[in-house]
Amino acid sequence: MIEVENLTKRFGTKLAVDHLSFTVQKGEVLGFLGPNGAGKSTTMRMVTGFLPPTSGSIRICGTSVIENPTAAKRHIGYLPESAPLYNDMTVTGFLNFAAEIRGLTGTAKKEAVSMAIETCFLESVARQSIDTLSKGYRHRTCLAQSLLHDPEVLILDEPTDGLDPNQKHEVRQLIRRLGEKKVVLFSTHILEEVEAACTRAVIVDRGRIVVDGTPEELKEKSGTGSLTDLFRQVTTRDTEPETSEDAA
Amino acid sequence: MKDVWTIYKRELGSYFGQPIAYAIIVIFLLLSMVFTFTLGNFIEAGDASLTYSFFLYLPFVLMVLVPAVGMRLWSEELRSGTVELIGTYPISLWSVILGKFKAAATVWLIAIALTFPIWITVNWLGEPDNLAIISGYIGAFLLACTFLAITLLVSAFTRDQVICLIVSSAICIGLVFATFDPFVRQYSKTFSPEVKDAITALGVWDHFLSLARGAFRLQDVLWFASIIIASLLGTSAILSAKRS
Ligand SMILES: Nc1ncnc2c1ncn2[C@@H]1O[C@H](COP(=O)(O)OP(=O)(O)OP(=O)(O)O)[C@@H](O)[C@H]1O
Ligand SMILES: [Mg+2]
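In this text, all values refer to a predicted model and were calculated from it rather than measured experimentally.

Colleague: Give a description of the environment of L143 of chain B that names residues and reports values.
Modeller: Residue and element names in this part refer to chain B. Here L143 lies in helix α8 (residues 130–155). Sequence separation between L143 and L58 is 85 residues; the distance between their C-alpha atoms is 9.1 Å. Those residues in contact with L143, other than ones at most four positions away along the chain, are P59, L62, V204, F208 and F224.

Colleague: Got a sec to walk through the packing of helix α7 (residues 116–125) of chain B against α8 of chain B? Specific residues and values, please.
Modeller: Residue and element names in this part refer to chain B. Look at α7 against α8: their axes get within 12 Å of each other, and the N-to-C directions meet at 165 degrees. For the element pair α7 / α8, the angle class is roughly antiparallel. Helix-helix and strand crossings are classified by hand; for α7 and α8 the assignment is right-handed. Touching F116, I118, W119, V122 and N123 of α7 are N130, I133, I134 and Y137, all from α8. Within the contact of α7 with α8, the residues separate by chemical class into seven nonpolar, two polar and no charged.

Colleague: I'd like a description of the sheet that holds strand β3 (residues 29–33) of chain A, backed by residues and values.
Modeller: Sheet strands pair via backbone hydrogen bonds, and the direction of the pair is either parallel or antiparallel. Residues and elements named next belong to chain A. Overall, mixed pairing links the six strands, which are arranged β6-β7-β8-β3-β9-β10 in an open sheet. Two strands in the sheet have a free side with no partner beyond their single neighbour: β6 (76–79) and β10 (208–213). Pairs of neighbouring strands in the sheet enclose a mean axial angle of 15 degrees, with direction left out of account. Pairing analysis gives five bridges linking strand β7 (residues 153–157) to strand β8 (residues 183–187), with the strands arranged parallel. Looking across to β8, one finds that D157 is bridged to S187. Where helix α5 (residues 135–147) meets the sheet, it contacts β6 and β7, and its direction lies at approximately 170 degrees from that of β6. Across the face of the sheet, helix α9 (residues 227–234) comes into contact with β3, β9 (200–205) and β10 while running at roughly 30 degrees to β9.

Colleague: Tell me about the nonpolar core, and name the residues and values.
Modeller: As a rule of thumb, nonpolar side chains are buried together in soluble globular proteins. The biggest cluster of nonpolar side chains holds 148 residues, and the ones touching the most others in it are I2 and F94 of chain A together with W108 and F147 of chain B. Ranked by the residues each element gives to this core, the list is headed by α8 of chain B, at 12 residues. Apart from residues lying up to four places away in sequence, I2 of chain A is in contact with F22, T23, V24, V47, R59, I60, V153, I155, V183 and L185 of chain A.

Colleague: Run through the site of ligand 1, naming residues and quoting values.
Modeller: Residue and element names in this part refer to chain A. Every one of the 14 residues lining ligand 1 counts as a neighbour, but K14, K40, S41, T42 and E81 are closest to it. For ligand 1, an oxygen atom lies 2.9 Å from a polar atom in the side chain of N36. In the complex, 66% of the free accessible area of ligand 1, which totals 630 Å², lies under the protein chains. For the shell around ligand 1, the elements supplying multiple residues, two or more each, are β2 (14–24) and α1 (40–47). It is α1 that contributes the most residues to the shell around ligand 1, three residues altogether. By residue class, the composition of the shell around ligand 1 is four nonpolar, six polar and four charged.

Colleague: Summarise the pattern of salt bridges; cite the residues concerned and give the values.
Modeller: Taken as a whole and judged by the stated rule, the model has 17 salt bridges over all chains. A salt bridge links K109 of chain A to E100 of chain A, with the nearest nitrogen and oxygen atoms 2.9 Å apart. The partner of R217 of chain B in a salt bridge is D220 of chain B, and the shortest N-O contact between them spans 2.9 Å. D220 of chain B sits in the buried class, given a relative accessible area of 0%. Salt bridges sharing common partners tie together D88 of chain A together with R10, E11, R72, E77 and K100 of chain B.

Colleague: Explain the packing of aromatic side chains to me, and be specific about the residues and the numbers.
Modeller: Considering all chains together, one arrives at 15 aromatic pairs over all chains under this definition. Pairing Y86 of chain A with F97 of chain A gives two aromatic rings, centres 5.8 Å apart and planes at 85 degrees, and the pair type is edge-to-face. Linking Y86 of chain A in the loop between β6 and α3 (91–101) with F97 of chain A in helix α3, this pair joins segments that are 11 residues apart in sequence. The class of Y86 of chain A is buried, set by a relative accessible area of 6%. Residue F97 of chain A is classed as buried on the basis of its relative accessible area of 5%. Ring geometry for F35 of chain B versus Y57 of chain B: centroids 5.5 Å apart, planes at 5 degrees, classification stacked. Of this pair, F35 of chain B sits in helix α2 (residues 19–37) while Y57 of chain B is found in the loop between α2 and α3 (58–70), placing the two residues 22 residues apart along the sequence. Note on Y57 of chain B: relative accessible area 14%, which makes it buried. Directly above the aromatic system of Y86 of chain A lies the positively charged group of R10 of chain B, at a separation of 3.7 Å from the ring centroid. Lying across the ring of W74 of chain B, K100 of chain B places its NZ or CZ 4.9 Å from the centre.

Colleague: Help me get a handle on the coordination of the magnesium ion (ligand 2), residues and values and all.
Modeller: Residue and element names in this part refer to chain A. Protein-derived ligands of the magnesium ion (ligand 2) are S41 (OG) and E81 (OE), with the metal-ligand distances lying across 1.9 to 2.3 Å. Note that S41 is positioned in helix α1 and E81 in the loop between β6 and α3, a separation of 40 residues in sequence. Take S41: its relative accessible area is 11%, and that puts it in the buried class. For E81, a relative accessible area of 29% corresponds to the partly exposed category.

Colleague: An account of the interface of chain A and chain B is requested, with residue identities and associated values reported.
Modeller: Between chain A and chain B, the contact holds 27 residues from the first and 23 residues from the second. When chain A packs against chain B, the two sides together hide about 2,400 Å² of surface, and 61% of this comes from carbon and sulfur. Area buried by chain A at its contact with chain B is led by F50, Y86 and I101 of chain A, which between them contribute 30% of it. Inspection of the chain A/chain B interface yields four salt bridges. Residue E84 of chain B is joined to R45 of chain A by a salt bridge in which the shortest nitrogen-to-oxygen separation is 2.9 Å. Inspection of the region where chain A meets chain B yields eight residue pairs in polar contact (both at pLDDT 80 or more). Of all elements in the fold, only α2 (69–74), α3 and α5 of chain A reach the threshold of two or more residues within the side of chain A that touches chain B. Per element, the largest residue contribution to the side of chain A that touches chain B is five residues, and it comes from α3 of chain A.

Rules behind the numbers
- Residues numbered from 1 in each chain as written.
- Chains lettered and ligands numbered in written order.
- Predicted model: local features only at pLDDT ≥ 70, side-chain atom pairs only at ≥ 80, totals over all residues.
- Heavy atoms only, no water.
- Helix = DSSP H or I, 4+ residues; strand = E, 2+ residues; numbered from the N terminus.
- Contact = heavy atoms within 4.5 Å.
- Axes fitted to C-alpha atoms, helices over the stretch in contact; angles between N-to-C directions.
- Parallel < 35°, antiparallel > 145°, perpendicular 65-115°, else oblique.
- Left-handed = near helix turned anticlockwise from the far one by under 90°.
- Nonpolar A, V, L, I, M, F, W, Y, C, P; charged D, E, K, R; others polar.
- Pairing = 2+ DSSP bridges.
- Core = buried A, V, L, I, M, F, W, Y, C linked by side-chain atoms within 4.5 Å.
- Buried < 20%, exposed > 50% of the residue type's maximum accessible area, 1.4 Å probe, protein only.
- Near = heavy atom within 4 Å.
- Polar contact = N/O pair within 3.5 Å; in protein donor to acceptor, adjacent residues only side chain to side chain.
- Areas by Shrake-Rupley, 256 points an atom, 1.4 Å probe, with all protein chains shown as cover.
- Salt bridge = Lys/Arg side-chain N within 4 Å of Asp/Glu carboxyl O.
- Phe/Tyr/Trp six-rings, centres within 6.5 Å; stacked < 30°, edge-to-face > 60°.
- Lys NZ or Arg CZ within 6 Å of the ring centre and 35° of its normal.
- Donors = N, O, S within 2.8 Å, 3.2 Å for Na, K, Ca; no water.
- Buried area = accessible area lost by both parts, 1.4 Å probe.

Okay, here's the thing in structure tokens:
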């Protein structure tokens, strides 16, 4: 379970996340939508314990990320937006390293690694050096890394970014399947994914949640039945003139 | 402790899985031998100690080569974004710092150990004080570790390896030359004795040379250890501050 309350992050004078509150229960898949720069990645970085929040509280399975980061991080599997990897390692070498850091050893480690390779369809590149992988395979390797320890909470920042249509489909199915037993929070710019994978979605704009509901509720709210229309109604567009609040 | 080991293995694997460690070890061996046989007059000096033929030149070699080994430690991690992975794994920042430092120190342990033929040669040529030579080797390794800790600290500031290399070499060169005798003689003319003493107290020569001569003093070891620990603590502080 993820419980976020009044989460705020300020970079200098810029308010990236503004008193955000939400909870994700076990068995739920929450989709995080929002325009570029809305604060989705920043929120995820705080929830995973990478960035310290300016204020607010985050609890993962009852453990506070701020007070007890190491214990909270054990429950989380995280795919960062840029899918960072150690380029000098092979796919298997990297997954072995990540599994060891997660405290897995011996046969448990072996099984976890081969399971993750299978789940993310990495067999064909398992022995390949990471710096020679294509973008999609890099992304899948990083996704595999987040599944190794069978975490209760999965936080995936644009998990389908850079994947081919087949793999996009596979990953959505995977998110759906994992979501039955886990807590999943993932961000995306592809609105069809809301229906394909989410049980609930929120739209974030300028660090605040502007819409929250199930895919059906969201469609209803839009009036036209199209999520794109709703998205365009509730979020600020860069093409619009700046509001006086921003100009100040 | 287990986390330190996991990080250590990964870092060491990445040093020896790429040409960098081999290249630097070979260059180090070549340079230190060139100095020993030319400036050090190793053959003619008839001096069966390594102090003035071999150890004396090591700081000059190490001050540029050590940063070349350490520069990637955090810079690469910041550039590729893997710091975000490391930062969300359930391990302490401190064990990552220690693992990285120990891996790079191992590269230097190997490099310095590979100069052993010169030790064999002096034993074959004469009757050296082997305890003094061991003390000198400890001094050389401590010096490498000190430069390494400084490089690690600098690499936490920047995602650019070249900047890290230039800045940390500059610091190490400064530390070496600030107390190098010919320079001390120069600036002791202009500065008051207090200033001169303050500068020499900061530099490496006093501490390194006493170890290289075989005078194994606790204060020298403490001097190296305190710079290393301060740099590692600084690295941890910088990385934590960078995130917020
Ligand atoms: N380290 C940082 N320093 C300063 N500003 C930052 C930093 N990280 C993020 N920001 C700012 O915070 C805001 C939110 O960024 P964030 O990456 O969370 O957006 P996002 O919703 O993930 O966007 P995208 O859809 O493009 O991934 C942006 O305006 C960004 O410029
Ligand atoms: Mg983002």
